[in-house]
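Coordinate inspection notes
The chain contents come next:
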There are 2 protein chains.
Amino acid sequence: MIPRLEVDLAIPARGSRQRVRSIHRQLRQAIIDGRLKPGARLPSTRAFASEHGLARNTACAVYDLLLAEGYIVARAGSGVFVAGIAPKHARPTGRGAVRVDDHLRRQAERFCCLRLPAIAAPSRIDMRLGIPDQSLFPFDVWRRLVGQALRELARIPGSYADAGVDGRLREAIAAHVSFSRAIACDASEIVACNGAQQAFDLLARVLVRPGRTCVAVEDPGYLPLRRVFAGAGARVAPVPVDEEGIIVDRIPKEARLICVTPSHQFPLGVAMSARRRRALLEFAGRAGAVIVEDDYDSEFRHGARPLDALRTLDGGELVVYVGTFSKSMFPALRLGFLLCPAWLRPALAAARAISAWHGRPVEEAALTAFVSEGHLARHIRKMRRVYSERRTALLAALHTHAGGWLKPTACHAGLHVTALAAGERKLDRLVERAHARGIAIDRIGRCATLPLKADGLALGFGACPERRIEEAVLTLLACAGGRGDRPRRASPAACA
Amino acid sequence: MIPRLEVDLAIPARGSRQRVRSIHRQLRQAIIDGRLKPGARLPSTRAFASEHGLARNTACAVYDLLLAEGYIVARAGSGVFVAGIAPKHARPTGRGAVRVDDHLRRQAERFCCLRLPAIAAPSRIDMRLGIPDQSLFPFDVWRRLVGQALRELARIPGSYADAGVDGRLREAIAAHVSFSRAIACDASEIVACNGAQQAFDLLARVLVRPGRTCVAVEDPGYLPLRRVFAGAGARVAPVPVDEEGIIVDRIPKEARLICVTPSHQFPLGVAMSARRRRALLEFAGRAGAVIVEDDYDSEFRHGARPLDALRTLDGGELVVYVGTFSKSMFPALRLGFLLCPAWLRPALAAARAISAWHGRPVEEAALTAFVSEGHLARHIRKMRRVYSERRTALLAALHTHAGGWLKPTACHAGLHVTALAAGERKLDRLVERAHARGIAIDRIGRCATLPLKADGLALGFGACPERRIEEAVLTLLACAGGRGDRPRRASPAACA
């Protein structure tokens, strides 16, 4: 029996030069869009030819093209099939499905528990932690610079590039750091990478000895950081945090990496006190431990004079400074950098090379231009004003409407204010209800593994327009079930 | 003594509203472009005011702005300094430079030996391995799609996105794989990532147990692959390759990962024989080992009907298929993918998330459109013709001019032809001389750690226009010192 093709073919007039090409195109299309299913058997070239009134040669030419392209496969003796599933039947090891080695499977499963929670879609009012206001970013400028970079790329012969070694990019980043964080550094100290997370990952793979190295992290703290060190086999030691930042006395003596957010503790929002900074640097100095300073959003300072970065105080022997452009530009950019001691650079460069090898010349060139033409500095200055206003509005709204219940911690930087909740209200339920009413917000308890003195809310104002802030606070209050007490002494000035 | 500022300031007319802002801007600029060096001491506000005939308040306002921005820092008692170096003197641990813990230092040093060789700049005639012809890529289309993606991004509120989970992107990649490699797969089997190297990296971190897991790699083979597994602590076992591909009998019994390039061995160019494919799948089936099928450039097939991918033969239980868009589009893109068994997916997704967390929405959206609008298929079809012509020209030139000396291996795919060199010519010197004469080319010996039966040259034709090919071969011949013998039986047909 000769299988018939269940597709209608438009056969060009006899003698048309286009005949083979046209039939070939129609069949391929039928295969691509699934009208011809993988594994479906095709008629012999003879049958196909006679059925459509073609010369045998024409049919052969069409089949040859499809064979060459891999759309159809010929199995000796059994005919010609649409490529794909057919070979499955001819599985080499006859007996059923093969089983993967258990130790491989266990290795793999070890990783599943490191899975990060899925990221929620943006909601009507987005008060999640660390979301900048993308709507004010000069995308027109960025589009132009990316287009420029692509045009230049089109002009040069295709090639690969080493990762993060572009001198101009590192110059630009160094300039940006000295502008936005008053850190004097040299381009040679910069290692560019794909967002802060890759920076943590590179440090983990370079510095962690699986099963041995102890890494101290802030608790409450940043989950993805903890995960990447755990994934590298580190012993992760959570260290409690108070209003002065990480409690240095509680850092295990054997800790060889200490990861902190001194400018704007994640998620509590407090800045590490000068006293703690000194204590931390002394601890690290004694132990020869490396401090990872995650400065994720302190380009945005509100009023108060910023404390010097640990990197600045240390002078750059033990402190690795990690920065990102996700907040100062936009999250989808995926560019960040490390500012690291000389002894670490070659290892980090090697790690970066084997983990992703090549840089991203287009985005990196565009970023270089964006910084060196002053667009980034301009945007940061603009956003400092915008965010400061939103922060003031948020603190005022909290004071007026929830003064007795939500106590903002003292914070002078970044894109969120943390407010500790007095009393026993169920914050989980509040967060749920808020989500239901279109307000996305994070509970600081979600960032903690150790018991918290007081739970609270991290209120991101980065993506929340000023006019929406009061509404948001009132909605939260309603979700908490109750109007909240009358304002008390907690004047917003205390946090401004 | 009052230090004077060594910068000229243009002071706006008294009473101008712009006064503070203008002076502030000028000073900041002086600091940014280094006219005011970090650590330089500024005059007191009083001195500054009197020197420039300003009201004291104006001077204070200017200083306050610079302080708030972190350009200058005030040290109690000692005055105001340009930010940056000053704090170094005030290093907490008084005694000289602190020393990092030795075990951290050793850990880091371990990585330096994994450093990859620097990538050479493109030369006049680029015959290196695996460089595609970027000049024929439709960058205009790509620019438009990237611009579109950026426009859409500008419309949505800022947010982060989970990595590689975009359904449309995976649909598109699945369609691409079935088109370009006749592999029937489902979008759910795809994990998108940043180039093939990240794919290897994810597999290494998910499957390798440091110090335990044995990973078999082809030798000669792809260095960056070997490095990333070594970096993850695997015991890397080089396995020799012959004209049928990896010699399965030489794979260590304890190997739990086996990395191969069956379609176009890197760098020998041969395709793994059907016999070896069966043997390899049987080995893996018995051991429960995972096969990593690196299909780096076989979208470009030349004439012969391609052998089925191992992934197709296996049916997707033990084989992980790794693909990249670096060859079919352009290297700077940094996008690739894994096609993997269901049991591996959650672990790989988790690993991808903690290693770089977020995807690259812009490039991924552009790629999705590029594939689904048919641009990629069109480009690949076009380049198949172009590359086939170049390959034919190269084989012909080798046959005519170097027939007796350079014997091309049988290869039917990809962007390079490998030619084994008869006799004892010094290929290192040849490669050097060729570089000096503007021809970049790779010696296969550089990819080997085991002794080679015969050394030779990997002649990339991807980035070498047809008209240049004969010239290149003649130059190589000259570099080898000698015209080469008259052509022999080795007809190019044998390799066509």
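Values in this document were obtained by computation on a predicted structure and should not be read as measured data.

The subject of this paragraph is the overall build of chain A. What chain A contains, in helices and strands, is 16 helices and 16 strands. A total of 496 residues make up chain A; the buried ones form 61% of that total. Counted over contacts in chain A with a minimum sequence separation of 6, partners at least 24 positions apart contribute 72%. For chain A, the exposed surface amounts to about 18,800 Å²; the carbon and sulfur share of it is 53%.

Many authors give the size of an interface as the accessible area that is lost as the parts come together. With 126 residues of chain B at the contact, the number on the chain A side is 125 residues. Taken together, the two surfaces of chain B and chain A that pack against each other cover about 10,500 Å², and 63% of this comes from carbon and sulfur. Across the chain B-chain A interface, the total number found is six salt bridges. Note that A:E363 and B:R360 form a salt bridge whose closest N and O atoms lie 3.7 Å from each other.

With that settled, the discussion passes to the pairing of strand 11 (residues 319-324) of chain B. All names here are of chain B. With respect to burial, strand 11 is a largely interior element, six of its six residues being buried. Burial along strand 11 is two-sided: the residues V319, Y321 and G323 and V320, V322 and T324 are all buried. With four bridges connecting them, strand 10 (residues 290-294) and strand 11 associate as parallel partners. Residue pairing across strands places I291 opposite V319, the latter belonging to strand 11. Relative to strand 12 (residues 336-339), strand 11 is paired through four bridges, and the arrangement is antiparallel. If you follow G323 over to strand 12, its bridge partner there is F337.

Once that is clear, we can look at the pattern of salt bridges. Tallied over the full model, the rule gives 41 salt bridges over all chains. Between A:R235 and A:E254 there is a salt bridge; the shortest N-O distance is 3.6 Å. Of this pair, A:R235 sits in strand 7 (residues 235-242) while A:E254 sits in the loop between strand 8 (245-246) and strand 9 (255-260), and the two are 19 residues apart along the sequence. One salt bridge in this structure joins B:D442 and B:R446, with 3.6 Å as the shortest N-O distance. Residue class for B:D442 comes out buried when judged on its relative accessible area of 15%. For B:R446, a relative accessible area of 54% puts it in the exposed group. Sharing partners across several salt bridges, the network here consists of A:D201, A:R205, B:D201 and B:R205.

Once that is clear, we can look at the sheet that holds strand 6 (residues 214-219) of chain A. Residues and elements named next belong to chain A. In spatial order, the strands read 5-12-11-10-9-6-7-8; together these eight strands make up an open sheet with mixed pairing. The open sheet has two edge strands with one neighbour each: strand 5 (190-193) and strand 8. Sheet contacts for helix 7 (residues 167-181): strand 5, strand 11 (319-324) and strand 12 (336-339); angle to strand 5, the most-contacted strand, approximately 100°.

All names here are of chain A. Looking at where E189 falls in the secondary structure, it is placed in the loop between helix 7 and strand 5. Taking the relative accessible area as the measure of exposure, E189 reaches 16% and is therefore buried. In this structure, E189 is in contact with R311, L338, L339, C340 and R345, ignoring residues within four places of it in sequence.

Residue and element names in this part refer to chain A. For chain A, the average pLDDT comes to 85, and 89% of its residues sit at 70 or higher. Put simply, helix 4 (residues 86-89) is where chain A has its lowest mean pLDDT, 33, and strand 6 is where it has its highest, 98. Ignoring residues within four places in sequence, the model shows residues 85-95, a span with pLDDT below 50, making 23 contacts including any to other chains. Per-residue pLDDT stays below 50 along residues 484-496; that stretch engages in 26 contacts with residues further than four places along the chain or on separate chains.

About the criteria used
- Residues numbered from 1 in each chain as written.
- Chains lettered and ligands numbered in written order.
- Predicted model: local features only at pLDDT ≥ 70, side-chain atom pairs only at ≥ 80, totals over all residues.
- Heavy atoms only, no water.
- Helix = DSSP H or I, 4+ residues; strand = E, 2+ residues; numbered from the N terminus.
- Buried < 20%, exposed > 50% of the residue type's maximum accessible area, 1.4 Å probe, protein only.
- Contact = heavy atoms within 4.5 Å.
- Areas by Shrake-Rupley, 256 points an atom, 1.4 Å probe, with all protein chains shown as cover.
- Buried area = accessible area lost by both parts, 1.4 Å probe.
- Salt bridge = Lys/Arg side-chain N within 4 Å of Asp/Glu carboxyl O.
- Pairing = 2+ DSSP bridges.
- Axes fitted to C-alpha atoms, helices over the stretch in contact; angles between N-to-C directions.
- pLDDT = per-residue confidence, 0-100.

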